[in-house]
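Chain by chain, the residues run as shown.
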Amino acid sequence: MKNMEGQKVPNVTFKTRVGDRWQDVTTDELFKGKKVALFALPGAFTPTCSSSHLPRYNELAPTLAKCGIDDVLCLSVNDTFVMNEWKKDQNAENITFIPDGCGTFSEGMGMLVDKEDLGFGKRSWRYSMIVDDGVVEKMFIEPDVEGDPFEVSDADTMLEYLDPSVKKPQAITVFTKPGCGHCARAKSALDKAGLGYEEIVLGTDATMRSLRAVSGALTTPQIFIDGEKIGGADELESYLGSGQSAAA
């Protein structure tokens, strides 16, 4: 794979769809006068991309911003309709999705590969990079081996390069159920503390069986932070009040 460090990104116009109208977006608009993090992947809705690559960048985007990144771009050789639907499906509001539908940008980066064996056709190799005012500062290119390696283009590797000492957000999961006042109270406390969290709604995302298996309890909410069971709303408020939270 080609390493473009020290070189300008290809000059490309992307065909995007905003609402019910077409809108051209140029590389100048995306990169000029900005420091941008871009990660490219083989395809929207594919397993690794949807379960790991994209979600972690979306989670760490605010932390990347603290390290001087103005925007985080996700690029794939898919059309704008597919990319727009994937963004909605993933609730990835911190990411700008770039549809490289014809593979023009990927080819210019030397990253267009043939995945005909999977029925994909031409797609982007998996990589990430930091682009400063249109010039590639650093690239993290997955090794050229068989399959779809995912070792170096992840958000944590990029964050480590930018600032190894930066504090990462805590991993927080909240089990809730509809109509639960204590659940609303817990979520409000987390929001007030500026802590992002993933909500698992019982009856929609999981069942009481999962809650019992994970927490050993059947009451809601049940909050977990960085692998530690905090408990319900009362325990969470105590935890936040004690200053144990990274944001406190």
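Please read all numbers here as calculations on a predicted model, not as lab measurements.

K.L.:
Which residues make up the overall build of the protein, and what are the values?
P.N.:
When helices and strands are counted, the protein shows eight helices and 13 strands. Its C-alpha atoms give the protein principal-axis dimensions of about 55 × 40 × 40 Å. Buried residues in the protein amount to 44% of all 248 residues. Taking as baseline every contact in the protein between residues at least 6 positions apart, the subset at least 24 positions apart corresponds to 62%. If you sum the accessible surface of the protein, you get close to 12,500 Å²; carbon and sulfur atoms cover 47% of it. The averaged location of the 38 negative side-chain charges in the protein is 4 Å from the averaged location of its 26 positive side-chain charges.

K.L.:
Report on the pairing of strand S5 (residues 96-99), specifying residues and quantitative values.
P.N.:
In this sheet, S5 lies alongside strand S4 (residues 71-76) in parallel orientation, the contact comprising four bridges. Bridge assignment links cysteine 74 to a residue of S5, and that residue is phenylalanine 97.

K.L.:
An account of helix H8 (residues 233-241) is requested, with residue identities and associated values reported.
P.N.:
Inspection of H8 places Ala233, Leu236, Tyr239 and Leu240 among the buried residues, and these make up the whole buried set. What you see down the axis of H8 is that its buried residues fit within an arc of 120°, all on one side. Of the exposed residues in H8, the ones pointing more than 90 degrees away from its buried face are Asp234, Ser238 and Gly241. Where H8 is buried, its residues meet helix H6 (181-192), strand S12 (222-225) and strand S13 (228-231). Positive phi appears at glycine 243, one or two residues downstream of H8, with a value of about 85°.

K.L.:
I'd like a rundown of a negative patch on the surface, residues and numbers included.
P.N.:
A surface patch of like charges, here negative, comprises Asp114, Glu116, Asp117 and Glu146. Considering the arrangement of structural elements, one finds aspartate 114 in strand S6 (residues 112-115).

K.L.:
Explain the sheet that holds S13 to me, and be specific about the residues and the numbers.
P.N.:
Spatially, four strands are ordered S11-S10-S12-S13 in an open sheet, and the strand pairing comes out mixed. Only two strands of the sheet have a single neighbouring strand rather than two, namely strand S11 (198-201) and S13. Recorded for the sheet is a direction-independent mean angle of 25° between the axes of neighbouring strands. Pairing of strand S10 (residues 172-176) with S12, which is carried by four bridges, proceeds in the antiparallel orientation. Along S12, the bridge assignment pairs phenylalanine 175 with glutamine 222. This element, H6, spans S10, S11 and S12 of the sheet and lies at about 160° to S10. Sitting on the sheet, H8 touches S12 and S13, and the angle it makes with S13 is about 110°.

K.L.:
Break down unusual backbone geometry for me, with residues and values.
P.N.:
For the bond from threonine 220 to proline 221, the omega torsion is 0°, close enough to zero to count as cis. Tracing the backbone shows proline 221 in the loop between helix H7 (208-215) and S12. Although it is not a glycine, asparagine 91 sits at a positive phi angle of roughly 50°. Look at asparagine 91 and you get exposed, because its relative accessible area is 57%. Despite not being glycine, aspartate 133 shows a phi value in the positive range, around 55°.

K.L.:
How would you summarise the sheet that holds strand S3 (residues 35-41) if you had to cite specific residues and measurements?
P.N.:
On the basis of which strands lie adjacent, the open sheet formed by five strands has the order S5-S4-S3-S8-S9 and mixed pairing. Looking at which strands have only one partner, the edges of the open sheet turn out to be S5 and strand S9 (135-141). The mean angle between the axes of side-by-side strands here comes to 25°, regardless of whether they run parallel or antiparallel. Summarising the sheet, S3 and strand S8 (residues 127-132) pair through six bridges and their orientation is antiparallel. By the bridge assignment, leucine 38 is partnered in S8 with methionine 129. Packed on one face of the sheet, helix H2 (residues 47-66) meets S3, S4, S5 and S8 and runs near 175° to S3.

K.L.:
Tell me about the state of the cysteines, and please be specific about residues and values.
P.N.:
Taken as a whole and assessed by the stated rule, the structure comprises one disulfide. The partner cysteine of cysteine 180 in its disulfide is cysteine 183, sulfur to sulfur 2.4 Å. Between cysteine 180 and cysteine 183, the disulfide has an S-S torsion of 80° and is therefore right-handed. Considered together, cysteine 180 and cysteine 183 belong to a single accessibility category, that of buried residues. Cysteine 74 supplies the cysteine sulfur nearest to cysteine 49, a cysteine that is in no disulfide, at a spacing of 7.7 Å.

Conventions we followed
Residues numbered from 1 in each chain as written. Predicted model: local features only at pLDDT ≥ 70, side-chain atom pairs only at ≥ 80, totals over all residues. Heavy atoms only, no water. Helix = DSSP H or I, 4+ residues; strand = E, 2+ residues; numbered from the N terminus. Buried < 20%, exposed > 50% of the residue type's maximum accessible area, 1.4 Å probe, protein only. Contact = heavy atoms within 4.5 Å. Areas by Shrake-Rupley, 256 points an atom, 1.4 Å probe, with all protein chains shown as cover. Lys, Arg positive; Asp, Glu negative; His and termini not counted. Charge placed at Lys NZ, Arg CZ, Asp CG, Glu CD. Pairing = 2+ DSSP bridges. Arc of directions from axis to C-beta. Patch = residues over 30% accessible without salt bridge, like charges linked within 9 Å, V, L, I, M, F, W, Y side chains within 5 Å. Salt bridge = Lys/Arg side-chain N within 4 Å of Asp/Glu carboxyl O. Axes fitted to C-alpha atoms, helices over the stretch in contact; angles between N-to-C directions. Disulfide = S-S within 2.5 Å.

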